[in-house]
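# Observations on the model geometry
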Amino acid sequence: MTVKVLDCRGLACPAPVINTKKALEEVGVEPLLVIVDNDAARENVSRFAGNAGRSVEVEEKDGAYHLTIGGTGGEVPATDPAKKVMAEVEEGRAVYFITSNAIGQGSPDLGEVLMKSLMVTLTEQKSAKALLLLNTGVYLALEGSPVMEQMQKLALAGTEILVCGTCLNYYKLKEKLAVGVVSNMYDINSRLIEPGKVITVG
């Protein structure tokens, strides 16, 4: 059996996921070998393939990750796997697009107090479908975050927390991530374009 090889080394987020999606549509039920060169791409492609009903085997070789994505044994799902979240969402819950670890442009200290107040409120109201953390918003999901207690409560209550992998890498903070999953712009944008309310905080 011929295995199609997709070399995504050197590609920035979300290109590895997008290219993998296109390749899976081309190969149908046949296996696909995807090569990436960073942890974020490995995690994102693996999660995408898993959501598509594919098996994934990861091997580290020659300074890169080789992901062998198995066939489905049937047709590839016609819908984007990221869309399956829609069917599981309670009506009226919002997506929070958070681009800073503080609210507002005034006093940083006041901004952090306001952010904690918002997170406490979200745990009480159970209104958050997902938190999308970008730029300095990723600091909210790190070890020592002043809102870690609230973030953990939200995660346990079923709120999806997607943390921008590009942002974590830029700030060199990936090792300090304590809650949520490392994500990419493809997944984040999929949440933004779903039917429902999006609230921007930052």
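Computed from a prediction, not measured in an experiment: that's the story for all the values here.

Our next topic: a nonpolar patch on the surface. Taken together, the side chains of Leu110, Val113 and Leu114 make up a nonpolar region of the molecular surface, amounting to roughly 270 Å² of accessible area. On the secondary structure map, Leu114 appears in helix H4 (residues 108–125). When its relative accessible area of 37% is taken as the criterion, Leu114 is described as partly exposed.

Inspection of the secondary structure assignment puts Lys126 in the loop between H4 and strand E6 (128–133). Classification of Lys126 as exposed rests on a relative accessible area of 56%. Placed 32 residues apart in sequence, Lys126 and Gly158 show a C-alpha to C-alpha distance of 9.2 Å.

A few words now on helix H7 (residues 185–192). Burial in H7 covers these residues: Tyr186, Asp187, Ile188, Ser190 and Arg191. Where H7 begins, the capping side chain belongs to Asn184, and its oxygen is found 2.9 Å from the backbone nitrogen of Tyr186.

Turning our eyes to something else, we now look at the pattern of salt bridges. This model, assessed by the stated rule, comprises 10 salt bridges. Of the charged contacts, one joins Arg42 and Glu43 as a salt bridge, the two residues approaching to 3.7 Å between their closest N and O atoms. Relative accessible area serves as the criterion here: at 26%, Glu43 is assigned to the partly exposed category. With its nearest N and O atoms 3.6 Å apart, the salt bridge here joins Lys174 to Glu43. Residue Lys174 is located in the loop between helix H6 (165–171) and strand E8 (181–183), and its partner Glu43 is located in helix H2 (residues 39–51); the two are separated by 131 residues in the primary sequence. Judged by its relative accessible area of 19%, Lys174 falls in the buried class. Residues joined by salt bridges that share partners form a network here, namely Asp39, Arg42, Glu43 and Lys174.

The subject of this paragraph is the nonpolar core. If you look at the biggest cluster of nonpolar residues, it comprises 35 residues, and the most contacted ones within it are Ile98, Met119, Leu131, Leu133 and Met151. Going through the elements one at a time, strand E5 (94–98), H4, E6, helix H5 (148–156), strand E7 (160–164) and H6 are the ones with two or more residues in this core. Ignoring sequence-local partners within four residues, the contact set of Leu133 consists of Ile98, Val138, Leu140, Ala141, Met151, Ile161, Leu162, Val163 and Cys164.

Confidence along the chain averages 87 in pLDDT terms, with 89% of residues attaining 70 or more. Here residues 73–90 is a poorly scored stretch, pLDDT under 50, and it has 26 contacts once near neighbours within four places are set aside; other chains count.

A few words now on the sheet that holds E6. Here 5 strands make up an open sheet; going across it, the order is E8-E7-E6-E5-E9 and the pairing parallel. Each having just a single partner strand, E8 and strand E9 (198–201) make up the two edges of the open sheet. Strand after strand, the sheet turns through a mean of 25° between neighbouring axes, direction not considered. Looking at chain direction, E6 and E7 are connected through 4 bridges and run parallel. Each residue of the ladder has a partner; that of Leu132, found in E7, is Leu162. Across the face of the sheet, H7 comes into contact with E5, E6, E7, E8 and E9 while running at roughly 135° to E7.

Definitions and cut-offs
Residues numbered from 1 in each chain as written. Predicted model: local features only at pLDDT ≥ 70, side-chain atom pairs only at ≥ 80, totals over all residues. Heavy atoms only, no water. Patch = residues over 30% accessible without salt bridge, like charges linked within 9 Å, V, L, I, M, F, W, Y side chains within 5 Å. Areas by Shrake-Rupley, 256 points an atom, 1.4 Å probe, with all protein chains shown as cover. Salt bridge = Lys/Arg side-chain N within 4 Å of Asp/Glu carboxyl O. Helix = DSSP H or I, 4+ residues; strand = E, 2+ residues; numbered from the N terminus. Buried < 20%, exposed > 50% of the residue type's maximum accessible area, 1.4 Å probe, protein only. Polar contact = N/O pair within 3.5 Å; in protein donor to acceptor, adjacent residues only side chain to side chain. Core = buried A, V, L, I, M, F, W, Y, C linked by side-chain atoms within 4.5 Å. Contact = heavy atoms within 4.5 Å. pLDDT = per-residue confidence, 0-100. Pairing = 2+ DSSP bridges. Axes fitted to C-alpha atoms, helices over the stretch in contact; angles between N-to-C directions.

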